[in-house]
Amino acid sequence: MRPGILFSLVGSVTVTALAVAYAQVAAPGPWKSRAIPEAQGEVKEVDGKKVQLRYKEGPFTGVPQEWGEWRTYVYNDNRPAPQVSRVSMPTNVKGDPKEGRKLFLNRTKGPCSGCHLIQGDDVWPAGNIGPDLSTYGDRNLPDDFVYQMIYDARLFFPNTSMPPWGTVGIFKPEEIVHIVAFLKTQKGNPPFVPPPEKDPDRNPFTRKLKYYFGDNLDPTNNPAVLLADDAMADWAKKGAAGKACGECHAGGPEKSMKGVATRYPKHIAKYGRVMSIEDFLSVHGPETTGVEMPSESQANLNMSVLIKMQSNGMPVNVDLTSPEGKGALERGKANFYKRVGQRNHSCADCHTDDPGKGADKFLGGRLLGNVKAGLTNHFPTWRTNFGKVWDMRKRMQWCMLPLGMNILPADSVEYAELELYLTSFSQGKPMNVPGIRH
Amino acid sequence: MDFKTREQKLTRRSFLSKLGAVGLTGVAVSLGLGSAMQALAQSAPLGAPLPSEKVEDTIKRLFGGRSISPGNGKVKLEAPLIAENGSVVPVTVEANLPMTRDKYVKSIYIISDKNRRPLNAKFSLTPEAGKASISANIRLAETTDVRAIVEMNDGSLYMVKEEVKVTVGGCGG
Amino acid sequence: MAEVGADIGRVRIRVPSTITKGEVIRVRALVTHPMQVLSFDKSKKPIEKNYHFIYKIVVTYNGKEILQAETTQAVSQNPFVAFPLKVTEPGKLVITFMDTHGKTYEGSAEIKF
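Residues numbered from 1 in each chain as written. Chains lettered and ligands numbered in written order. Predicted model: local features only at pLDDT ≥ 70, side-chain atom pairs only at ≥ 80, totals over all residues. Heavy atoms only, no water.

### A look at the environment of Arg101 of chain B
With respect to the helices, strands and loops of the structure, Arg101 of chain B is situated in the loop between strand E4 (89-95) and strand E5 (105-112). In sequence terms Arg101 of chain B and Val91 of chain B are 10 residues apart; their C-alpha atoms lie 27 Å from each other. (Helix = DSSP H or I, 4+ residues; strand = E, 2+ residues; numbered from the N terminus.)

Here it is in structure tokens:
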């Protein structure tokens, strides 16, 4: 029968592929993306300017810049991080503290308040990843020092989370002069004592944040639960090859998919790479039933929710010990710590709680997640702010933009192995899909 | 505005829509007076933009000059102190007030001061509801006071309010 | 393949699994709907059009109206409402949502003791 022949063919291919895979645990070769066009990260030239095609929806539409000149996670992208600059403050510009304060709060630049608290009732919401600058002026630091700190703090702190604003051109030299002038005005009364706090929530060091998103599995609370119904309809639908998922996967999703998602992302020998459920669907659909399920399509996301729901409550159990798993884990971890993009950030800057890093602290209004907490087991997640369900890849792609890196294709191997690293911290935790967040 | 009036407007809307959006735009914008625009808006499609309103005017429009008593102890408004985003802010209004045939909570208004049009929603109850307690997810344009105003069938009004801070994303999102 | 946002008007209702006669239960309901917000032109004026949102919700129990809500664009996308219902007899709860484009969406739940 046809399924039998298919399985034996796959079997022989698998044996061959396994032999090859075992021999080389190096990074897999480039992958031809099966994502929807908006998720492939293609760079085009429009009217002589480079443009990257991205999702045509918020929040992606708010960040249209193209960042091809800044390094990425791509495995053969060996461009160095921007070189550390040693500078001194220009003397031909008179610093304007008012202008400096505007620049400090400017959301198209930092905003600096994303990491640093300053004085002012209008400062909402400031973050506490960086030191509180409310009385920075009392320290009477030399202008050149402060200028260098903002221009390129790496001269003093090689592993700082602070982007090298001047080196990468986000702030112009004159702008930094104004910010230096502004910071000098941040004085306490008496020195080092900031004005009394009228509102404990204004101050990120005392702000309380309580999650209120409710029962993520309640369909009257989380619209993402309804997507599983859509996927059920697709489960029964015949594709171009005249077959439906249910014909091979007997017993419906509840029986046939139980526990399956706990092992993803995993290395799949047939494709020679680590794949998430979403990655796998993008190739599996066309190859079996003939249904197209490109990464980041609604059909792919819905089916991912449906499949993962069948493993809810079961512990995440990804392979981290086989040569393939270990190799992928190590590469994913290396990328987690790699500095990329115009802002020269690594994931670790925001998502670990090492000294000076941001996990469990506020970046502006957002509490940053800690990778150690293992937060992958609720993806795909409904994003109330956008009225859509996001899988891990779209979440990663979004992260690229504030840090100034062109997105990679949603189904890229680099993202998959990074996802495996993140998932390793969820090992043993119960799956709970779909999630719901802001 | 009762349901019947809305039904009539539906048929007018389908007629007016044949005139095309351009005609409606011209009429609505040229007058520019608050109440006049309001009157015109009533002949416009159900979903046509209404003029912006200050919360004092919203309250005057809804309750005339009727006195509104503080609702502390009688009305509870639950809203997050800090909302992760303004698009979905869950609020619950619970009134510890009778729901009998003779005396019952007739309406619950949810109002957000800094919204372009402060009235988020109005709930109209009957004694058969059993309890005066409703929840809804509302949108807030920015950090604002959110008010719950409860109206009894005898016209008495009670109000409570809470400040809800709206967070903007750090990493943009 | 459902287009994102095309699935307007799906109603979900939740009532407690065990209900005793005379109890005041809490009913939770959600309907998928964009609840379109105003868009503005370059001069910050709202663009004139018939914005697509739910403006009215009617709840009936065994045909009798229990409560009504007038909703606006300041109610979140995929509107969620929860309300009480005093259940003195078994019957059918019907929730009807009306939107500005003339469509109505209905959901119902059977209530037994």
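### A closer look at the pattern of salt bridges
Scanning the entire structure with this criterion turns up 37 salt bridges over all chains. The salt bridge involving Glu57 of chain A is made with Lys388 of chain A; its shortest N-O contact spans 3.4 Å. Of this pair, Glu57 of chain A sits in the loop between strand E2 (49-52) and helix H2 (97-105) while Lys388 of chain A is found in strand E8 (residues 388-390), placing the two residues 331 residues apart along the sequence. With its nearest N and O atoms 2.6 Å apart, the salt bridge here joins Asp7 of chain C to Arg10 of chain C. (Salt bridge = Lys/Arg side-chain N within 4 Å of Asp/Glu carboxyl O.)

### Details of the pairing of strand E8 (residues 144-152) of chain B
Residue and element names in this part refer to chain B. With respect to burial, E8 is a largely interior element, 8 of its 9 residues being buried. Summarising the sheet, E5 and E8 pair through 7 bridges and their orientation is antiparallel. Looking at E8, one finds that Ile110 is bridged to Ala148. Connecting E8 to the antiparallel partner strand E9 (residues 157-166) that follows it, the hairpin turn spans 4 residues, and Gly155 within it adopts a positive phi of roughly 95°. (Buried < 20%, exposed > 50% of the residue type's maximum accessible area, 1.4 Å probe, protein only. Pairing = 2+ DSSP bridges.)

### So, the side chain of Glu419 of chain A
Residue and element names in this part refer to chain A. You can see Glu419 is positioned in helix H13 (residues 413-424). The exposure class of Glu419 is buried, given its relative accessible area of 5%. Polar contacts involving the side chain of Glu419 include one to the side chain of Arg393, which spans 2.7 Å. Each residue touching Glu419, except ones within four places of it in the same chain, is listed here: Pro265, Ser276, Met392, Arg393 and Met396. (Polar contact = N/O pair within 3.5 Å; in protein donor to acceptor, adjacent residues only side chain to side chain. Contact = heavy atoms within 4.5 Å.)

### Side note on the packing of helix H3 (residues 143-152) of chain A against helix H4 (residues 173-184) of chain A
Residues and elements named next belong to chain A. Between H3 and H4, the shortest axis-to-axis distance is 10 Å and the interhelical angle comes to 125°. One element, H3, and the other, H4, form an angle in the oblique class. Considering how the two elements wind past one another, H3 and H4 form a crossing that is right-handed. On the side of H3, the interface is formed by Asp143, Val146, Tyr147, Ile150 and Tyr151, while H4 contributes Pro173, Ile176, Val177, Ile179, Val180, Leu183 and Lys184. Class assignment of the residues belonging to the contact of H3 with H4 gives a composition of 10 nonpolar, no polar and 2 charged. (Axes fitted to C-alpha atoms, helices over the stretch in contact; angles between N-to-C directions. Parallel < 35°, antiparallel > 145°, perpendicular 65-115°, else oblique. Left-handed = near helix turned anticlockwise from the far one by under 90°. Nonpolar A, V, L, I, M, F, W, Y, C, P; charged D, E, K, R; others polar.)

### Here we look at the nonpolar core
Ranked by size, the top nonpolar core spans 156 residues in total, and within it Val105 and Phe123 of chain B carry the most contacts. Ignoring any residue separated from it by four or fewer positions in sequence, one finds Val105 of chain B in contact with Ala95, Leu97, Pro98, Met99, Leu125, Ala132, Val150, Glu151 and Met152 of chain B. (Core = buried A, V, L, I, M, F, W, Y, C linked by side-chain atoms within 4.5 Å.)

### What to know about helix H10 (residues 323-336) of chain A
Because an α-helix packs 3.6 residues into every turn, residues spaced three or four apart end up facing the same way. A rise of 1.5 Å per residue sets the reference length of H10 of chain A, with its 14 residues, at 20 Å; its end C-alpha atoms lie 20 Å apart and thus fit the reference within 8%. Glu324, Gly325, Gly327, Ala328, Leu329, Arg331, Gly332, Asn335 and Phe336 of chain A are the residues of H10 of chain A that are buried. (Expected span 1.5 Å × (residues − 1).)

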